[in-house]
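# Observations on the three-dimensional arrangement
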Amino acid sequence: MSDSESTGRLRRYLEDEMGICRDENLNARMEELEQLEAEAGESVLERDVAVLSAVANETRYKIVRLLVAADGELCVCEISPLVDVSQSGISHALSQLFEAGLVTRRKDGKWRKYRATQRAIALVTAIDGSR
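Here goes a summary of the coordinates provided. (Residues numbered from 1 in each chain as written. Predicted model: local features only at pLDDT ≥ 70, side-chain atom pairs only at ≥ 80, totals over all residues. Heavy atoms only, no water.)

## A few points about a negative patch on the surface
Residues Glu31, Glu34, Glu37, Glu42 and Glu46 make up a contiguous surface patch of negative charge. When contributions to the negative patch are tallied by element, the ones reaching two or more residues are helix H2 (23–40) and helix H3 (42–54). (Patch = residues over 30% accessible without salt bridge, like charges linked within 9 Å, V, L, I, M, F, W, Y side chains within 5 Å. Areas by Shrake-Rupley, 256 points an atom, 1.4 Å probe, with all protein chains shown as cover. Salt bridge = Lys/Arg side-chain N within 4 Å of Asp/Glu carboxyl O. Lys, Arg positive; Asp, Glu negative; His and termini not counted. Charge placed at Lys NZ, Arg CZ, Asp CG, Glu CD. Helix = DSSP H or I, 4+ residues; strand = E, 2+ residues; numbered from the N terminus.)

Below is the structure:
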């Protein structure tokens, strides 16, 4: 849709809502809408889509839920018996979750331990609360 089509459609909408639409009404609403777009921001959208993409896979989502339920760290060797995926598949899933900011990781000798981040906890809490 072209800018003039969008503007014309917005003008018709405002006329329906207000009974009349002057240029200043249209300009004021366009400024409000541009502010909304700025608040959503491209970088915010990219980060949010990365998080949603990370949990849009059953294995990754199960791992996140396990880590949230654990309320602490789990080693990959503790996650492995709970997830029907190869060791390399689990490691790949954990890497994606780490990159999305949903888990933290630390090396403890020869073991790598993972923990859910506050963002992961908030996401699972929101999903649980929406049922």
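## Notes on the nonpolar core
By size, the foremost hydrophobic cluster in this structure holds 24 residues, and its most contacted members are Ile63, Val64, Leu67, Ile79, Leu94 and Leu102. Contributions of two or more residues to this core are made by H3, helix H4 (58–70), helix H5 (76–79), helix H6 (87–99), strand S3 (111–116) and helix H7 (118–129). If near-sequence neighbours (up to four positions away) are discounted, Ile79 is found in contact with Ile63, Leu67, Leu74, Ile90 and Leu94. (Core = buried A, V, L, I, M, F, W, Y, C linked by side-chain atoms within 4.5 Å. Buried < 20%, exposed > 50% of the residue type's maximum accessible area, 1.4 Å probe, protein only. Contact = heavy atoms within 4.5 Å.)

## Observations concerning the side chain of Thr117
For Thr117, the location among the structural elements is in the loop between S3 and H7. Looking at Thr117, the relative accessible area reads 13%, which means it is buried. A polar contact is formed between the side chain of Thr117 and the backbone oxygen of Gly101, at a distance of 2.8 Å. (Polar contact = N/O pair within 3.5 Å; in protein donor to acceptor, adjacent residues only side chain to side chain.)

## Focus: the packing of H4 against H6
Orientation of H4 relative to H6, taken along the N-to-C sense of each, is 75°, at an axis distance of 10 Å. It follows from the interaxial angle that H4 and H6 lie roughly perpendicular. The residues of H6 that touch H4, namely those facing Thr59, Arg60, Ile63, Val64 and Leu67, are Ile90, Ala93, Leu94, Gln96 and Leu97. A class-by-class count of the residues in the contact of H4 with H6 yields seven nonpolar, two polar and one charged. (Axes fitted to C-alpha atoms, helices over the stretch in contact; angles between N-to-C directions. Parallel < 35°, antiparallel > 145°, perpendicular 65-115°, else oblique. Nonpolar A, V, L, I, M, F, W, Y, C, P; charged D, E, K, R; others polar.)

## Observations regarding the packing of aromatic side chains
For the structure on display, the rule yields zero aromatic pairs. Here the guanidinium or amino end of Arg105 rests over the ring plane of Phe98, the centre of that ring lying 3.8 Å away. (Phe/Tyr/Trp six-rings, centres within 6.5 Å; stacked < 30°, edge-to-face > 60°. Lys NZ or Arg CZ within 6 Å of the ring centre and 35° of its normal.)

## Comments concerning the sheet that holds strand S2 (residues 103–108)
Judged by pairing direction, the sheet is antiparallel, and its three strands sit side by side in the order S1-S3-S2 without closing on themselves. What marks the edges here is a single partner per strand, and that holds for strand S1 (74–75) and S2. Strand direction decides the pairing type here: S1 and S3, joined by two bridges, are antiparallel. Bridged to Cys75 within S3 is Lys113. Taken strand by strand, H4 contacts S1, S2 and S3, and its axis lies near 85° from that of S3. Its contacts with the sheet put H6 on S2 and S3, and the angle it makes with S2 is roughly 120°. (Pairing = 2+ DSSP bridges.)

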